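Fold and geometry: a report
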Amino acid sequence: AILGVIIAAFAVFVISLASTFPGLPGQDYGPAFFPTIIGIVFLICAAILIVQGLKARHETGWVKFGEWAKSPHHIINFVIVLSTLVGYIWLSDFIGFIPISIVVLWVLMYRFGVGKRISAALSIGVTFLIHTIFYKYLLVPLPWGLLDPIAW
């Protein structure tokens, strides 16, 4: 329930922030579309967590960690995912979306068991696919960073 409340607060923040994004003339959707959808999905998930947490509170108390919290492997995975997200947030303006996205995707795929070559190929392909969709079609200004001299 506590995590549900935190997620709900985050969802409200995302939706309210997305509502300040400018619209695109002549289009029914703009830069606020996806963040708003994600915020709504987060609100639904938060409501489920809150209801389930309140039902189970009498049996488990306020906080109960799953078995994964006792596994060093899972804790390392959690730290790596969190670190790559924070690293992207801090470094994307300087390094740029394309290089940092390739690195983050490769690290995560390789850590979760995908081979080196497949991780590399997928990281590059998925990064350029995401960049094309968001930059060219949804007109979301992704940071170029170090690649600014060759930006298209």
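Up top you'll find the structure we're talking about.
Below: a short report on this structure.

Thresholds, definitions, all that
Residues numbered from 1 in each chain as written. Predicted model: local features only at pLDDT ≥ 70, side-chain atom pairs only at ≥ 80, totals over all residues. Heavy atoms only, no water. Helix = DSSP H or I, 4+ residues; strand = E, 2+ residues; numbered from the N terminus. Expected span 1.5 Å × (residues − 1). Buried < 20%, exposed > 50% of the residue type's maximum accessible area, 1.4 Å probe, protein only. Arc of directions from axis to C-beta. 1 Å grid on protein atoms, 1.4 Å probe; cavity = no way out; pocket = protein on both sides within 12 Å on 5 of 7 lines; lining within 4 Å. Points joined across faces, edges and corners; volume = space filled by probe spheres on them. Nonpolar A, V, L, I, M, F, W, Y, C, P; charged D, E, K, R; others polar. Salt bridge = Lys/Arg side-chain N within 4 Å of Asp/Glu carboxyl O. Polar contact = N/O pair within 3.5 Å; in protein donor to acceptor, adjacent residues only side chain to side chain. Contact = heavy atoms within 4.5 Å. Phe/Tyr/Trp six-rings, centres within 6.5 Å; stacked < 30°, edge-to-face > 60°.

On to helix α1 (residues 2–18). Compared with an ideal rise of 1.5 Å per residue, which puts 17 residues at 24 Å, α1 spans 24 Å between its outermost C-alpha atoms and is within 8% of the ideal. Those residues of α1 lying buried are Gly-4, Ala-8, Ala-11, Val-14 and Ala-18. Down the axis of α1, the sector holding all buried residues measures 125°, keeping them to one side. Exposed residues on α1 whose side chains face more than 90 degrees from its buried face are Val-5 and Ile-6.

Our next topic: the layout of surface pockets. Of the voids in this model, the largest pocket is the one considered here, and its volume is about 1000 Å³. In this structure, the largest pocket is lined by 28 residues; those nearest its centre are Pro-35, Tyr-88, Phe-134, Val-140 and Leu-142. Secondary-structure elements contributing two or more residues to the lining of the largest pocket are α1, α2 (33–60), α3 (72–95), α4 (97–111) and α5 (116–137). For the lining of the largest pocket, the element with the highest residue contribution is α4, accounting for six residues. For the lining of the largest pocket, the per-class residue count stands at 25 nonpolar, three polar and no charged.

Opposite charge on two side chains permits pairing when their charged atoms draw close. Tallied over the entire structure, the rule returns one salt bridge. Of the charged contacts in the structure, one is a salt bridge between Glu-67 and Lys-70, with a shortest N-O distance of 3.8 Å. There is no split in this pair, since Glu-67 and Lys-70 are both exposed.

Let's shift gears to the side chain of Asn-77. Tracing the backbone through its elements, the reader meets Asn-77 in helix α3. A polar contact of 2.5 Å, which involves the side chain of Asn-77, links it to the side chain of Arg-111. Once residues lying within four places of it in the same chain are set aside, the contact partners of Asn-77 are Arg-111 and Phe-112.

Attention now moves to the packing of aromatic side chains. Evaluation of the coordinates by the stated rule reveals seven aromatic pairs. Seen from their ring centres, Phe-10 and Phe-42 are 5.8 Å apart, and the 40° between their planes marks the pair as tilted. Remark: Phe-42 occurs in helix α2 and Phe-10 occurs in helix α1; sequence separation between them is 32 residues. The exposure class assigned to Phe-42 is partly exposed, which follows from its relative accessible area of 31%. Arranged with centres 5.5 Å apart and planes meeting at 90°, the rings of Tyr-135 and Trp-144 form a pair that is edge-to-face. Counting every residue linked through ring pairs, the aromatic cluster contains Phe-33, Phe-34 and Phe-134.

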